[in-house]
Amino acid sequence: MSVHNVKILELLSIHEVSGFHLLKLRIFATNDQSELYWLIDNETAKSLKEICKFQGVERYRLSLQTAVDPQNGQCSSSVTGTYRDASRKMNFRCSFKFHQQLEKIKNCYRIADLLSYDFIFPNLPKEDTLNVLKNAEEVIEKPIRAIPPQNDEEPNGKETDSAFEDPNAAEIHAEAKEIREINPPREEKETDISDEKADAKESFVSRNDEDSEIQEGAEELEGQAEGQSENPAVSDEMNDEIRHAVDETASAASIEQKQEAKPKPYTYLLSKLQLKKRIRSIKGFPQSILTASLIVAVVIILCIIIFDILSTSIFNSTENIGASKQQNAEQISETANEKPEIPSLQINDFLTFSIPEGYAALTFNDGPSKYTEAIVDILKEKEVGGTFFFIGYNVQKHPDIVKYVHSNGYTIGSHSMTHDSMTEQTLDEQQYEISESKKIIENITGQPVKFFRPPNGLIDENTQAAAQNEQCQIILWNLDPKDWEAETADEIIKNIKNEPVSAAIITLHESPQLVKALPKIIDYLKEQNLKIVSLQ
């Protein structure tokens, strides 16, 4: 089984820019997701437009697989459209180029690496960019019969001359040169980096040049002396002068270093004179003033000690009174904030359809949404349990609502990452749907996710294997009031009353009709003497 890093391609829309077609995708990888644009051929885009209607109702997922007919060379793939609990698979014809691009996408190691392909863009590209790509493809695909010689020598014979005659050759080479200037090869970037490193090295060396000027000057003079000694035409007097200059330069450098190391003599003398003046001024200070100052200092110290003793005793008594008041306030606050215990039921089976008689479980799918908090408030007011199955994509948009549900003590399970049908995906893709949604919820709540509910309730062997790998129990249901297609709250209540409710796991979907019907549903279940529980 092939394992790809790119797991899901959600098709958001199809854009047309001056005759070019681009797919806007939300790409889900192992630990990442991003929205990118994919430039495809017009034939494939036309096929996709015929089956995908972007009206904000249905969500579309591109298959990662393509089929190639070896006889006629035609390719085909599929798109899965999902709306709430219903999904449908639609096939479409695609080009071999689309097939090749899809293979590159799904085998890419990271989403960021996709931008290295010339058909992937981070934003919707402009017309000029697309025209450059089109010209580049025409230059590459346009046949050239031969490459003319690079030297100035003319080929021998008329037949050879005619072989290089191409009226469009000059134009093609000019276009290729222009494209190379727009998109320089990677080696030039490496050259620029090496140049920057060289510049940095030069700047570092230049900072040390000032410190070594004297030494370099001495070495230069010494080198001149050696060079002159090898030349018989230079006199010994010239050599002596050069050596003398070298010695003077070196001695000057050593003297300057020693002078810098020694302290300044006048600084020591100045500090000594200042010290003597201070001693003389103290000796001449009147004795009576010194005695008075000493008495004042002793009185001040005694006052400080007495004040400290008094303030400490007052503070201790005040602290005791405050502590008793705080303890009483905490007791009152704890009494006021005591939350009623939410009824719950422990689930031990790996695959669960129902619960024991005398119990009923209200479960809510497809959240979090703008109706989630209202549902939680109703459950709290009625003091009953509830279990929420959240879609990972919605969790990313509403993390605060997830925190609200968790802080009120209600159970949260996974309802997949994208709500696509599990049975139409490979084991690897199903594993991603569960693990990624689990991880997002756990990062918010800090609690492990133990339950998984597959979209539409559809499971196969791969679904069960993926859930076991993620240590999740699968929770299905045995009472579906079809609230997702009901137009009124009364219709939902009627559907529940027409079914046996004891031992029922009731599946519900977050909607304004449900918020209106929920209090009456709870009242009806209580009338049947049922304990409404959260699944644990």
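Undergrad: Which parts of the structure should I look at to understand the overall build of the chain?
TA: The helix and strand inventory of the chain stands at 17 helices and 17 strands. Taking as baseline every contact in the chain between residues at least 6 positions apart, the subset at least 24 positions apart corresponds to 67%. Only carbon and sulfur atoms are counted for the fraction: they give 52% of the accessible area of the chain, which is about 33500 Å².

Undergrad: Just to check I follow, could you spell out the environment of Ile 412 for this structure?
TA: Its place among the elements puts Ile 412 in strand β13 (residues 411–414). For Ile 412, a relative accessible area of 11% puts it in the buried group. Contact partners of Ile 412, with chain neighbours within four places excluded, come to Phe 388, Phe 390, Val 402, Val 405, His 406, Ile 441, Thr 445 and Val 449.

Undergrad: I tried to follow helix α11 (residues 372–382) on my own but got confused; where do I start?
TA: Since there are 3.6 residues in each turn of an α-helix, residues three or four apart along the chain are aligned in direction. Of the residues making up α11, those classed as buried are Thr 372, Ile 375, Val 376, Ile 378 and Leu 379. In a view along the axis of α11, the buried residues occupy a sector of 160°, so they form one face of it. Buried positions along α11 lie against β11 (359–367), β12 (387–390), α13 (399–407) and α17 (512–527).

Undergrad: Which parts of the structure should I look at to understand the state of the cysteines?
TA: Here, the word disulfide means a covalent bond between the sulfur atoms of two cysteines. Across all of its chains, the model carries zero disulfides by this definition. The thiol of Cys 75 is not disulfide-bonded; the next cysteine sulfur, from Cys 94, is found 5.1 Å away. Accessibility expressed as a relative area gives 4% for Cys 75, which makes it buried.

Undergrad: Explanation requested: the confidence of the model for the chain in the structure shown.
TA: In low-pLDDT segments, the atomic positions of the prediction should not be examined closely. Scored by pLDDT, the chain comes out at a mean of 76, with 64% of its residues at no less than 70. Scored below 50 in pLDDT, residues 140–169 makes twelve contacts in the model with residues more than four places away or belonging to other chains. Below a pLDDT of 50 lies the segment residues 255–273, which in the model reaches one contact outside its immediate sequence neighbourhood of four places, other chains included.

Undergrad: Looking at this structure, how should I read the pairing of strand β3 (residues 33–40)?
TA: Of the pairings in the sheet, the one linking strand β2 (residues 20–29) to β3 comprises eight bridges and is antiparallel in character. Its bridge partner lying in β3, Ile 27 is registered against Ser 34. Judged from the two bridges that link them, β3 and strand β8 (residues 120–121) form a sheet pairing that is antiparallel. Within β8, the residue paired with Trp 38 across the bridge is Ile 120.

Undergrad: Teacher, can you tell me more about the nonpolar core here?
TA: Note on soluble globular proteins: their nonpolar side chains tend to be buried together. One finds Leu 362, Phe 364, Leu 379, Phe 388, Ile 521 and Leu 525 to be the most contacted residues of the largest nonpolar core, which totals 44 residues. If one sorts the elements of this core by residue count, α17 sits on top with eight residues. The contacts of Leu 362, once residues within four sequence positions are left out, are Leu 379, Gly 385, Gly 386, Thr 387, Ile 506, Leu 508, Leu 518, Ile 521, Ile 522, Leu 525, Ile 532 and Val 533.

Undergrad: Is there a simple way to think about the packing of helix α16 (residues 489–497) against α17 in this case?
TA: A packed helix pair is summarised by two numbers, namely the angle formed by the two axes and the spacing between the axes. One way to put it is that α16 packs onto α17 with a least axis distance of 8 Å and a crossing angle of 35°. Pair α16 / α17 crosses with right-handed handedness. Listed contacts from α17 to Ala 489, Asp 490, Ile 492, Ile 493, Ile 496 and Lys 497 of α16 are Gln 513, Leu 514, Lys 516, Ala 517, Lys 520, Ile 521 and Tyr 524. Looking at the contact of α16 with α17 residue by residue, the class counts come to eight nonpolar, one polar and four charged.

Undergrad: Any chance you could explain a negative patch on the surface here in plain terms?
TA: Side chains of Glu 373, Asp 377, Glu 381 and Asp 400 sit close together on the surface and give a patch of like negative charge. The greatest single-element share of the negative patch, amounting to three residues, is contributed by α11. Examined against the element boundaries, Glu 381 turns out to sit in helix α11. The exposure class of Glu 381 is exposed, given its relative accessible area of 65%.

Undergrad: Could you clarify how one ought to interpret the pairing of β12 in this entry?
TA: Residues in a regular strand project their side chains so that they alternate between the two faces of the sheet. Burial along β12 is two-sided: Thr 387 and Phe 389 facing one way and Phe 388 and Phe 390 facing the other are all buried. Sheet topology note: the β11/β12 ladder contains four bridges and is parallel. When the bridges of β12 are listed, Gly 367 appears paired with Phe 390. The handedness of the β11 to β12 crossover, carried by α11, is right-handed. As defined by bridge partners, β12 adjoins β13 across four bridges and the pair is classed as parallel.

Undergrad: What is the right way to read the environment of Ala 45 from this model?
TA: Here Ala 45 shows up in helix α1 (residues 42–51). Taking the C-alpha atoms as reference points, Ala 45 and Glu 16, separated by 29 residues in sequence, lie 9.3 Å from one another.

Undergrad: Any chance you could explain a nonpolar patch on the surface here in plain terms?
TA: A surface patch of nonpolar side chains, amounting to about 590 Å² of accessible area, comprises Leu 294, Val 298, Ile 301, Leu 302, Ile 305 and Ile 309. Take Ile 301: it is sitting in helix α10 (residues 287–337).

Undergrad: Help me understand the side chain of Ser 414 in this model?
TA: Take Ser 414: it is sitting in strand β13. Here Ser 414 is in contact with Phe 389, Phe 390, Ile 434, Ser 437, Ile 441, Val 449, Phe 451, Phe 452 and Arg 453, once residues within four sequence places are set aside.

The rules behind these values
- Residues numbered from 1 in each chain as written.
- Predicted model: local features only at pLDDT ≥ 70, side-chain atom pairs only at ≥ 80, totals over all residues.
- Heavy atoms only, no water.
- Helix = DSSP H or I, 4+ residues; strand = E, 2+ residues; numbered from the N terminus.
- Contact = heavy atoms within 4.5 Å.
- Areas by Shrake-Rupley, 256 points an atom, 1.4 Å probe, with all protein chains shown as cover.
- Buried < 20%, exposed > 50% of the residue type's maximum accessible area, 1.4 Å probe, protein only.
- Arc of directions from axis to C-beta.
- Disulfide = S-S within 2.5 Å.
- pLDDT = per-residue confidence, 0-100.
- Pairing = 2+ DSSP bridges.
- Core = buried A, V, L, I, M, F, W, Y, C linked by side-chain atoms within 4.5 Å.
- Axes fitted to C-alpha atoms, helices over the stretch in contact; angles between N-to-C directions.
- Left-handed = near helix turned anticlockwise from the far one by under 90°.
- Nonpolar A, V, L, I, M, F, W, Y, C, P; charged D, E, K, R; others polar.
- Patch = residues over 30% accessible without salt bridge, like charges linked within 9 Å, V, L, I, M, F, W, Y side chains within 5 Å.
- Salt bridge = Lys/Arg side-chain N within 4 Å of Asp/Glu carboxyl O.
- Lys, Arg positive; Asp, Glu negative; His and termini not counted.
- Charge placed at Lys NZ, Arg CZ, Asp CG, Glu CD.
- Right-handed = clockwise from strand over helix to strand, strands pointing away.

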